[in-house]
Amino acid sequence: MARITRIGLRRLELPLIRPYRLSYRTFTEFEPFLVEMEDDGGRTGFADAHVSPGSSSETREGGWAFCLARIEEILGTDTEDAKESVLARFDESKVASTALVAAIEVLEANPQLHIPEATELPLLTPINALDEVEIVPEIEDWLAKGFRTFKVKVGKDVAADLARVRVIQKALAGRATFRLDANRAFSRADGIAFASALDPEGVELFEQPCDSDDWEANAAVAAASAVPLMLDEPICTLADIARAGDVKNVRFCKLKLKRFGGLDRLREGLEAVRAAGMEPVLGDGLGSEIHNWLEACVARTTIRNAGEFNGFIKPRERLLDPPMPFEAGSIRLPAGYRPQPDRAQIERFTAERLDFTHQPTRTYSHGA
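Everything numeric in this text was worked out from a predicted model, so none of it was measured. (Residues numbered from 1 in each chain as written. Predicted model: local features only at pLDDT ≥ 70, side-chain atom pairs only at ≥ 80, totals over all residues. Heavy atoms only, no water.)

1. A look at the environment of Glu 279
Then, in step 1: Residue placement: Glu 279 occurs in strand β13 (residues 279-282).
Then, in step 2: For Glu 279, a relative accessible area of 15% puts it in the buried group.
Then, in step 3: With residues up to four places along the chain from it excluded, the contact list for Glu 279 reads Arg 251, Phe 252, Cys 253, Val 273, Arg 274, Arg 304 and Asn 305.
Then, in step 4: A polar atom in the side chain of Glu 279 sits 3.0 Å from the side chain of Arg 274. (Helix = DSSP H or I, 4+ residues; strand = E, 2+ residues; numbered from the N terminus. Buried < 20%, exposed > 50% of the residue type's maximum accessible area, 1.4 Å probe, protein only. Contact = heavy atoms within 4.5 Å. Polar contact = N/O pair within 3.5 Å; in protein donor to acceptor, adjacent residues only side chain to side chain.)

Printed below as a string of C-alpha cells:
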C-alpha cells in the first residue's frame, strides 16, 4: 500500500475584491491552510480549508498546531492508516482534519473527483448593500451576471433587517429567490420577532438564527417562522443531522466540507440530510478555489439547489490551473476536469510554509 513520503503545509493570504461582512466579523482576506502530499508511488494530492475566527471555537493557531502534530504522526504511514489517525481526533480541529484528509483523498483519486460529463452548478451570491440606493443597482448587476439566488445577512436589528428584506423583495420583483442568514446573531426573542414578521415572498429559507449550541432557541424560532429554517454551524456529524430532522419547520440542513472531515464523509452527510426528510445545502462562502472545487465535485450528484461554494469568487486571484470555469452565475465543470495547484499563484500568496519528508530506515547486511 502507498505510503506518504512528503507533506507541505502552507498558510495563504488571499486579498478579497471587497470586504465580506458577516454578523461576527468582516473579512478583507481569506487565510486557508494548504496541504500538499506525495506518496512513494509519485502520486500527489492537495486540499485546503479556512478557519473562520468567530464561527466556532476553532482558532487558526490551534488548527496550525493540529496540522503539525498530525503530520508527524502520518508521515511514512499508508494512506488508509493516515486518514484513520487524523479522523480519530477530528473533534479537536475539524477544519484542519478536513484539509489533511481531503488532501489524501485527492492523492488517492477519490471517485467523486471524476467528472464524466459536463456539469453546471448554479451558485448564490451575497447582497452586500444596506440601503435602497445601493441595493437596487447591486441586484440589477447580479441579475445581469446570471445569478438567480441571493444571500442576505441579517441579525443586528430586527426592524432594520425587516425593512431591508422588504426593499430587496421589491427590487427582485419575483425574478430571483433569496436566503436569509443570521449567522447565530439573534437572541431567541429577536429571532422570533424577525422570523414571524417575514413576508415569505421570494424567501427560500432562514438560516441559523441563534447560537449554535442553543437548539431550544433555534427550535422556538423555527416554530414561529413564516419561512422554513436551515441549520448550519451546529451540523458536523450524522447525529447532528438526525437531531435537526426532528425540529419542526427545519426543512434545510447546510453542510460544509471543512466541517465534515473529507469528501466521503461529506457525501454521507448530504445523503443523510435527505434521508431525514430535509433538503441538503452545500458550500463554504469562505472557501478558496481549491476548497470550493472539492465541494463542487461532491455537489455534482448530491444537491439540487444553488450552491454556496462561492468563496472562490471573492478573492482577487485564483489558485487552480486551469481555473475552475465560472460563467453566468454558475460553475461549469467540463468532462474530465482535473486541475492542479497554480504554482506561481501558490508561491505568490504563501505567508508561511513548512515542508516534511519521510526518510525510510535503511537496513544493511554485511557479507561474510
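Having seen it, we continue.
2. Things to note about the packing of aromatic side chains
Then, in step 1: Within the structure shown, the criterion is met by nine aromatic pairs.
Then, in step 2: Aromatic side chains Trp 142 and Phe 147 sit 5.3 Å apart centroid to centroid with 85° between the ring planes, which places their arrangement in the edge-to-face category.
Then, in step 3: Take Trp 142: its relative accessible area is 10%, and that puts it in the buried class.
Then, in step 4: Judged by relative accessible area, which is 2%, Phe 147 ranks as buried.
Then, in step 5: A ring pair is formed by Phe 147 and Phe 326, whose centres lie 6.0 Å apart and whose planes are at 40°; its orientation type is tilted. Of this pair, Phe 147 sits in the loop between α4 (132-144) and β8 (149-153) while Phe 326 sits in strand β15 (residues 326-327), and the two are 179 residues apart along the sequence.
Then, in step 6: The structure contains a cluster of three or more aromatic residues connected by ring pairs, namely Trp 142, Phe 147, Phe 312 and Phe 326.
Then, in step 7: Sitting over the face of the ring of Phe 27, Arg 25 holds its NZ or CZ atom 5.2 Å from the ring centroid.
Then, in step 8: Against the face of Tyr 20 rests Lys 314, its NZ or CZ located 4.4 Å from the ring centre. (Phe/Tyr/Trp six-rings, centres within 6.5 Å; stacked < 30°, edge-to-face > 60°. Lys NZ or Arg CZ within 6 Å of the ring centre and 35° of its normal.)

3. Section: the confidence of the model for the protein
Low pLDDT marks stretches whose predicted atomic positions should not be read closely.
Then, in step 1: Mean pLDDT for the protein: 94, with 97% of residues reaching 70 or above.
Then, in step 2: Contacts from residues 362-368, a stretch scored under 50 in pLDDT, to residues over four places away or in other chains number zero contacts. (pLDDT = per-residue confidence, 0-100.)

4. Side note on the nonpolar core
Then, in step 1: Ranked by size, the top nonpolar core spans 109 residues in total, and within it Met 37, Leu 180, Phe 194 and Phe 206 carry the most contacts.
Then, in step 2: Here this core takes 10 residues from helix α3 (residues 94-107), the largest share from any one element.
Then, in step 3: If near-sequence neighbours (up to four positions away) are discounted, Leu 180 is found in contact with Val 152, Val 154, Val 165, Phe 194, Leu 198, Val 203, Leu 205, Phe 206 and Glu 207. (Core = buried A, V, L, I, M, F, W, Y, C linked by side-chain atoms within 4.5 Å.)

5. A short note on the packing of helix α5 (residues 158-172) against helix α6 (residues 188-196)
Then, in step 1: Contact pair α5 / α6: the axes reach a minimum separation of 10 Å and the direction vectors enclose 25°. Between α5 and α6, the angle is such that the two are roughly parallel. Here α5 and α6 pass one another in a crossing that is right-handed. Contact residues: α5 offers Val 158, Asp 161, Leu 162 and Val 165, while α6 offers Asp 190, Ala 193 and Phe 194.
Then, in step 2: When the residues that make up the contact of α5 with α6 are grouped by side-chain class, the tally is five nonpolar, no polar and two charged. (Axes fitted to C-alpha atoms, helices over the stretch in contact; angles between N-to-C directions. Parallel < 35°, antiparallel > 145°, perpendicular 65-115°, else oblique. Left-handed = near helix turned anticlockwise from the far one by under 90°. Nonpolar A, V, L, I, M, F, W, Y, C, P; charged D, E, K, R; others polar.)

6. Regarding unusual backbone geometry
Then, in step 1: The omega torsion across Asp 321 and Pro 322 is -5°, close enough to zero to call that bond cis.
Then, in step 2: Within the fold, Pro 322 resides in the loop between β14 (320-321) and β15.
Then, in step 3: Positioned with a positive phi, Asn 183 is a non-glycine residue whose angle comes to about 50°.
Then, in step 4: Within the element layout of this structure, Asn 183 appears in the loop between β9 (177-181) and α6.
Then, in step 5: The phi dihedral of Ala 328 falls on the positive side, at around 50°, and the residue is not glycine.
Then, in step 6: Tracing the chain through its elements places Ala 328 in the loop between β15 and β16 (330-333).

7. Observations regarding the pattern of salt bridges
Then, in step 1: In the structure shown here, the tally under the stated rule is 37 salt bridges.
Then, in step 2: The shortest N-O distance in the salt bridge between Lys 151 and Glu 308 comes to 2.6 Å. Here Lys 151, found in strand β8, pairs with Glu 308, found in the loop between α10 (289-299) and β14; they are 157 residues apart in sequence, far enough to count as distant. Assigned by exposure class, Lys 151 and Glu 308 land together as buried.
Then, in step 3: The salt bridge partner of Asp 181 is Lys 153, with a shortest N-O separation of 2.7 Å. Of this pair, Asp 181 sits in strand β9 while Lys 153 sits in strand β8, and the two are 28 residues apart along the sequence.
Then, in step 4: Classification of Lys 153 as buried rests on a relative accessible area of 18%. (Salt bridge = Lys/Arg side-chain N within 4 Å of Asp/Glu carboxyl O.)

8. Some details on α10
Then, in step 1: Summarising burial for α10: 11 of the 11 residues are buried, a large majority.
Then, in step 2: Those residues of α10 not exposed but buried are Glu 289, Ile 290, His 291, Asn 292, Trp 293, Leu 294, Glu 295, Ala 296, Cys 297, Val 298 and Ala 299.
Then, in step 3: Sitting at the head of α10, Ser 288 places a side-chain oxygen 3.2 Å from the backbone nitrogen of Ile 290.

9. Here's the deal with the environment of Ala 219
Then, in step 1: As for its position among the elements, Ala 219 is in helix α7 (residues 215-224).
Then, in step 2: For Ala 219, a relative accessible area of 26% gives the class partly exposed.
Then, in step 3: Between the C-alpha atom of Ala 219 and that of Glu 352, which follows or precedes it by 133 residues, the distance is 43 Å.

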